[in-house]
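Summary of the model geometry
Residue-level listing of the chains:
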Amino acid sequence: MPDWSAIESETVSRLQAIIQFDTTNPPGNELPLARYLEGALRSEGVETNLLEVGDNRAQLIGRIRGSGAKRPLILLAHMDVVGVEREKWTHDPFGGEVHDGYLYGRGAIDDKGMLAANLMTMLMLKREPATKLDRDVVFVATSDEEAGGEWGMAWLVEHHPELLDAEFALNEGGRTRIIRGGRTYLAVQSAEKVSHVVTVTATGSAGHAAIPLADNAVFRLARALESLSMYREPVMLTEITGRFFGKLAEIWPDPVEKAAMIDLVSSDPKRIEAGATVLSRTAVFNAVLRNGISPTVVTGGKQFNVIPATAQAVLNVRTLPGHSIDKVINRLRAIVSEPGVTIELSARGEDAPPSDPTSAMFSAIVDATHELDPTIAVVPYLSTGVTDSARLRRLGVQAYGVLPFPMGEDDEKRMHGADERVPLESLHFGVRLVYEATRRVCGPG
Ligand SMILES: [Zn+2]
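Here is a short report on the structure shown in this document. Because the structure is predicted, anything quoted here is derived from the model rather than measured.

Each value, and the rule that gives it
Residues numbered from 1 in each chain as written. Predicted model: local features only at pLDDT ≥ 70, side-chain atom pairs only at ≥ 80, totals over all residues. Heavy atoms only, no water. Helix = DSSP H or I, 4+ residues; strand = E, 2+ residues; numbered from the N terminus. Rg over C-alpha atoms; globule rule 2.2 N^0.38 Å. Buried < 20%, exposed > 50% of the residue type's maximum accessible area, 1.4 Å probe, protein only. Contact = heavy atoms within 4.5 Å. Areas by Shrake-Rupley, 256 points an atom, 1.4 Å probe, with all protein chains shown as cover. Lys, Arg positive; Asp, Glu negative; His and termini not counted. Charge placed at Lys NZ, Arg CZ, Asp CG, Glu CD. Polar contact = N/O pair within 3.5 Å; in protein donor to acceptor, adjacent residues only side chain to side chain. Phe/Tyr/Trp six-rings, centres within 6.5 Å; stacked < 30°, edge-to-face > 60°. Pairing = 2+ DSSP bridges. Axes fitted to C-alpha atoms, helices over the stretch in contact; angles between N-to-C directions.

1. Some words on the overall build of the protein
- Along the protein, the regular secondary structure elements total 14 helices and 18 strands.
- Relative to the compact-globule value of 22 Å for 445 residues, the protein shows a C-alpha radius of gyration of 24 Å, a close match.
- By its C-alpha atoms, the protein is 80 × 55 × 45 Å across when sized along the principal axes.
- Residue burial in the protein is summarised as follows: out of 445 residues, 53% are buried.
- Of all intrachain contacts in the protein linking residues separated by at least 6 positions in sequence, the fraction that spans at least 24 positions is 77%.
- For the protein, the exposed surface amounts to about 18600 Å²; the carbon and sulfur share of it is 52%.
- Here the protein carries 46 positive and 59 negative side-chain charges, and the mean point of each set is 4 Å from the other.

Here's what the structure looks like:
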């Protein structure tokens, strides 16, 4: 058993050190942090592999070898952080200061807290020579996650897929959310939506604005968007969203929504529809129940007195995994009857298979969580955002996203915002969760 009070103070000082490396992306400059992690692992005998990618950027891999009876587990976290608006912070965003039970700093919860938890897990495993591992535990710290991953996970997948050979991965992307009434649920991200770009183009006659024209492209575009605004894709319950709502119902404080969750996962089509109607009123629930359509960019003419020949709107369409964007576009075309309007796919997102919500890794997360707090509901979760886990899933790795630090909505909202912080108690909970889940899934048996 680790000496938890010593581990807690070491975790705090390591997270402080990690935050003090300014890895704002762009430009990133993750190499010095990668060297720090390399030193921390190597000085305790963990084998490491520092992969420089140029421009002061790098990926750091650390590996503790198991017997090889099972395929490896990856503990993944990114080293880069998003920028800060310094004037909005009350503490130095790169200071790692502790005040009133919170550790402040950019990255405290995205994703340096997890980086510290993964690092501590590696060190604890290495310090216990008696621990028998059936699989390798692979520490992976990447660059450039916040700006698309071209110099991070995408680079690793392209140049060193052999280092990512694993059965399971733990990554960011989930939530440990404390809700109203004090209950907590751990949403384990097991799948994610796929993001596509679709362009709506309206064409009409160009001309001088002094002579209004019936086929004005801007009006045509507006009518097309009006039709789209009234359209919603049908509810499509996946295995993961079904389990998500079914488990969440157990702890959900709002009685109307709780009943709707139970209806949604029933086998009665009428109840399913009624449940979906209630839950769809909450934007985040609506987003996981169906393919989503969000217009984001509108472009048209350039001058106030010239009618343009074309006007365009860009839609960000996010499909549920396994659902065809081409079929969505066909449905959109069918509901837009406006003449002179075309709807085309301009950038196709890459689908990734969901991770199994009944795997040994998922069970290890559930068991580790319940050992720490049996009242927490652990639910598989489909995220609407895109993470590096999709790249791993496409390689055949079952990746799971956790943010293992229990937090209320107020603290969670500071992610990418001002005064980002992690409650110390939650940080320590997260370290134990990652460590215990790792030990369970890698231990013999
Ligand atoms: Zn992140």
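2. Describing the environment of Asn316
- Position of Asn316 among the secondary structure elements: in strand E14 (residues 310-319).
- Separated by 118 residues in the primary sequence, Asn316 and Val198 have C-alpha atoms spaced 6.4 Å apart.
- Once you skip the residues sitting within four places of it in the chain, Asn316 turns out to touch Ser195, His196, Gly292, Ile293, Ser294 and Thr296.
- Among the polar contacts listed, one links the side chain of Asn316 to the side chain of Arg318, at a separation of 3.0 Å.

3. Quick word on the packing of aromatic side chains
- Inspection of the entire model under this criterion finds 10 aromatic pairs.
- Ring centres of Phe244 and Phe245 lie 4.9 Å apart, and the angle between their planes is 70 degrees; this geometry places the pair in the edge-to-face category. When sorted by exposure, Phe244 lands in the same class as Phe245, which is buried.
- Geometrically, the ring pair formed by Phe244 and Tyr381 is tilted, given 5.8 Å between the ring centres and 45 degrees between the ring planes. Separated by 137 residues along the polypeptide, Phe244 in helix H6 (residues 239-248) and Tyr381 in strand E16 (residues 377-383) bring together distant segments of the chain.

4. Overview of the sheet that holds strand E4 (residues 98-99)
- Ordered by their spatial adjacency, three strands build an open sheet running E4-E5-E18, and the pairing between neighbours is antiparallel. In this open sheet, the two strands that pair with only one neighbour each are E4 and strand E18 (421-423).
- Sheet topology note: the strand E5 (residues 102-104)/E18 ladder contains three bridges and is antiparallel. If you follow Tyr104 over to E18, its bridge partner there is Arg421.
- The sheet contacts of helix H1 (residues 4-20) involve E4, E5 and E18, and relative to E5 the element is tilted by about 20 degrees.

5. Focus on the side chain of Thr241
- For Thr241, the position within the fold is in helix H6.
- Of the polar contacts made by the side chain of Thr241, one reaches the backbone nitrogen of Thr238; its length is 2.9 Å.
- Dropping the residues within four chain positions of it, Thr241 is found in contact with Met236, Val288 and Leu382.

Any functional reading would require information beyond the geometric quantities listed.
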